[in-house]
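# Observations on the three-dimensional arrangement
Residue strings, one per chain:
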Amino acid sequence: MQALVTVAGYELPEPSEYSANTATLVDSARNVSGYVIGSVIRNDVAKVELKWRYLTAVQWANILSLFNKRFYNSVTFYNQSTASYTTRQMYVSDRSAGMWRRHPSTGEVLGWADCALSLVEV
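Below: a short report on this structure. (Residues numbered from 1 in each chain as written. Predicted model: local features only at pLDDT ≥ 70, side-chain atom pairs only at ≥ 80, totals over all residues. Heavy atoms only, no water.)

### Some points on unusual backbone geometry
One non-glycine residue with positive phi stands out, namely A83, at about 55°. Of note, A83 is situated in the loop between β5 (72–79) and β6 (84–102). The exposed category is assigned to A83, whose relative accessible area is 54%. The phi dihedral of D114 is positive, around 55°, even though this residue is not glycine. Of note, D114 is situated in strand β7 (residues 109–121). (Helix = DSSP H or I, 4+ residues; strand = E, 2+ residues; numbered from the N terminus. Buried < 20%, exposed > 50% of the residue type's maximum accessible area, 1.4 Å probe, protein only.)

### Observations regarding the environment of E121
By the element assignment, E121 lies in strand β7. Note on E121: relative accessible area 11%, which makes it buried. In contact with E121, other than residues within four places in its own chain, are R42, D44, V45, A46, R88, Q89, M90 and Y91. Here the side chain of E121 touches R88 through a polar contact of 2.8 Å, side chain to side chain. (Contact = heavy atoms within 4.5 Å. Polar contact = N/O pair within 3.5 Å; in protein donor to acceptor, adjacent residues only side chain to side chain.)

### A look at the sheet that holds β6
Read across the open sheet, the seven strands follow the order β2-β1-β5-β6-β7-β4-β3; overall the sheet is antiparallel. The sheet is open, and its two borders are formed by β2 (10–11) and β3 (17–30), each paired with just one other strand. Set on the sheet, helix α1 (residues 57–69) makes contact with β1 (5–7), β2, β4 (36–56), β5, β6 and β7; between it and β7 the angle comes to about 25°. (Pairing = 2+ DSSP bridges. Axes fitted to C-alpha atoms, helices over the stretch in contact; angles between N-to-C directions.)

### Focus on α1
A rise of 1.5 Å per residue sets the reference length of α1, with its 13 residues, at 18 Å; its end C-alpha atoms lie 19 Å apart and thus fit the reference within 8%. When we look at burial in α1, the residues that qualify are W60, I63, L66 and F67. Those residues of α1 that are buried are in contact with β1, β2, β4, β5, β6 and β7. (Expected span 1.5 Å × (residues − 1).)

### Here we look at the pairing of β4
Bridge analysis of β3 against β4 gives 13 bridges, and the strand direction is antiparallel. Along β4, the bridge assignment pairs S19 with E49. The turn linking β3 back onto β4 is made up of five residues, and G34 within it adopts a positive phi angle of 90°.

### Focus: the pairing of β6
Every regular strand shows the same layout, with side chains that alternate between the two sheet faces. Taken together, the eight bridges between β5 and β6 define a ladder with antiparallel strand orientation. Paired with S74 across the two strands is Q89, which belongs to β6. The loop that links β5 with its antiparallel partner β6 comprises four residues; one of these, A83, has a positive phi angle of about 55°. The sheet contact formed by β6 and β7 spans nine bridges and is antiparallel. Bridge pairing links R95 to L117 in β7. Between the antiparallel neighbours β6 and β7 lie six residues, among them G107 with a positive phi of about 80°.

Below is the structure:
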């Protein structure tokens, strides 16, 4: 089975939640009569939001390390607009997670809960 999202050749773990957004970029303003005057700059710009209920400390670190090497990455994802997999250049936006728990005697972080990140097309 193909991974839902692959970043720079690395298959991400199956997310608990997957949200897709498709945007149309428009250059617009209002004229002196108050009407919008605009033109489409670009169609079908993708944004993918991924959430995991739980990841080990190593899994989360491996995912985050993908974005330390390059700002833009080749991302293959399931595209809602085409009902198929698409590969596009994307960057990572906000990343968040809450510490799940630490080992009681060593203090080692064992995992993260509610891990989330957004991938935005360049």
